[in-house]
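# Summary of structural features
So you can see what is in the structure, the chains are spelled out below.
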Amino acid sequence: MTKPAKKELASLGHKGPISEIKKLIRHTMTLFFNGDINVPPPFVTGPPGVGKTDMIVQLAAEFDARYYDDPLIIKDCVDFRGVPYVQHDGDMPLTRWAQPAEMPRGGRFVWHFDEFSQAFPSLQNASSRLMLPRRLGEYRVPDDAFIVLCSNREGDKASTHRVGSFLNNRTSHYEVE
């Protein structure tokens, strides 16, 4: 996919019933799992209880991918970066980070950041490093990790926080009606 095509995909806003959104996400996953790891991560929004999470679980199964649920609303920034420890390089003490054991390490999987807009902006920012450069500190997101975000909409009064424009501009948006 060319850079202009990726930018176009990321800038388009798609609205429709969940069956139509599922087809669009399936297409994006097909591109990704066929080698285009640079497709923008989908960001699916819609009212509570409409089936966004179930749709992602079903799509992961269709692609024979493990489903990794990562609900940001129950996390803290340290859950992504790990805990600090001191390692000496000669006489110089350096702070290193012990990576969380639960971070996905390999194999084909769908990494689902559920309830994304409900997370505090600090968590949205921390997790965005996993989506954009696909790394956080020394942790690298495996190449076969398809990342997808889901959330309720601001208008649903579901305790959402505004998502930064830097992330909105780098994801493809889908709204379930």
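Residues numbered from 1 in each chain as written. Predicted model: local features only at pLDDT ≥ 70, side-chain atom pairs only at ≥ 80, totals over all residues. Heavy atoms only, no water.

In this section: the pattern of salt bridges. Taken as a whole, this structure holds 8 salt bridges when the rule is applied. With a closest N to O distance of 4.0 Å, E62 and K22 form a salt bridge. In this pair, E62 sits in helix 3 (residues 52-62) while K22 sits in helix 2 (residues 18-33), placing the two residues 40 residues apart along the sequence. According to the relative accessible area criterion, E62 is partly exposed, its value standing at 43%. Linking R26 and E62 is a salt bridge whose minimum nitrogen-to-oxygen distance equals 2.8 Å. With R26 in helix 2 and E62 in helix 3, this pair connects stretches of sequence that are 36 residues apart. (Salt bridge = Lys/Arg side-chain N within 4 Å of Asp/Glu carboxyl O. Helix = DSSP H or I, 4+ residues; strand = E, 2+ residues; numbered from the N terminus. Buried < 20%, exposed > 50% of the residue type's maximum accessible area, 1.4 Å probe, protein only.)

It is worth spelling out empty space enclosed by the protein at this point. Applying the stated criterion across every chain, the model contains 1 cavity of 30 Å³ or more. A volume near 60 Å³ is recorded for the largest cavity. Lining the largest cavity are F80, R81, W97, Q99, P100, L136, G137, E138 and Y139. Per-class residue counts for the lining of the largest cavity are 5 nonpolar, 2 polar and 2 charged. (1 Å grid on protein atoms, 1.4 Å probe; cavity = no way out; pocket = protein on both sides within 12 Å on 5 of 7 lines; lining within 4 Å. Points joined across faces, edges and corners; volume = space filled by probe spheres on them. Nonpolar A, V, L, I, M, F, W, Y, C, P; charged D, E, K, R; others polar.)

Across all of its chains, the model carries 9 aromatic pairs by this definition. Centroid distance F43 to F116: 5.6 Å. Interplanar angle 80°. Geometry classified as edge-to-face. With a gap of 73 residues between them, F43 in strand 2 (residues 42-45) and F116 in the loop between strand 6 (109-113) and helix 5 (121-131) connect regions that are remote in the sequence. Each member of the pair, F43 as well as F116, carries the same accessibility label: buried. Through pairs of rings, three or more aromatic residues link up here, namely Y68, F109, W111, F113 and Y139. The positively charged end of R108 is found above the aromatic ring belonging to F33, 4.1 Å away from the centroid. (Phe/Tyr/Trp six-rings, centres within 6.5 Å; stacked < 30°, edge-to-face > 60°. Lys NZ or Arg CZ within 6 Å of the ring centre and 35° of its normal.)

With that out of the way, let us pick up the layout of surface pockets. Taken as a whole, the second largest pocket encloses approximately 230 Å³ of empty space. As for the second largest pocket, its lining consists of 16 residues, and the residues nearest its centre are F43, T45, S117, N168 and H173. Of all the elements in the fold, those that place two or more residues in the lining of the second largest pocket are strand 1 (13-16), strand 2 and strand 10 (172-176). A breakdown of the residues in the lining of the second largest pocket according to their chemical character gives 3 nonpolar, 8 polar and 5 charged.

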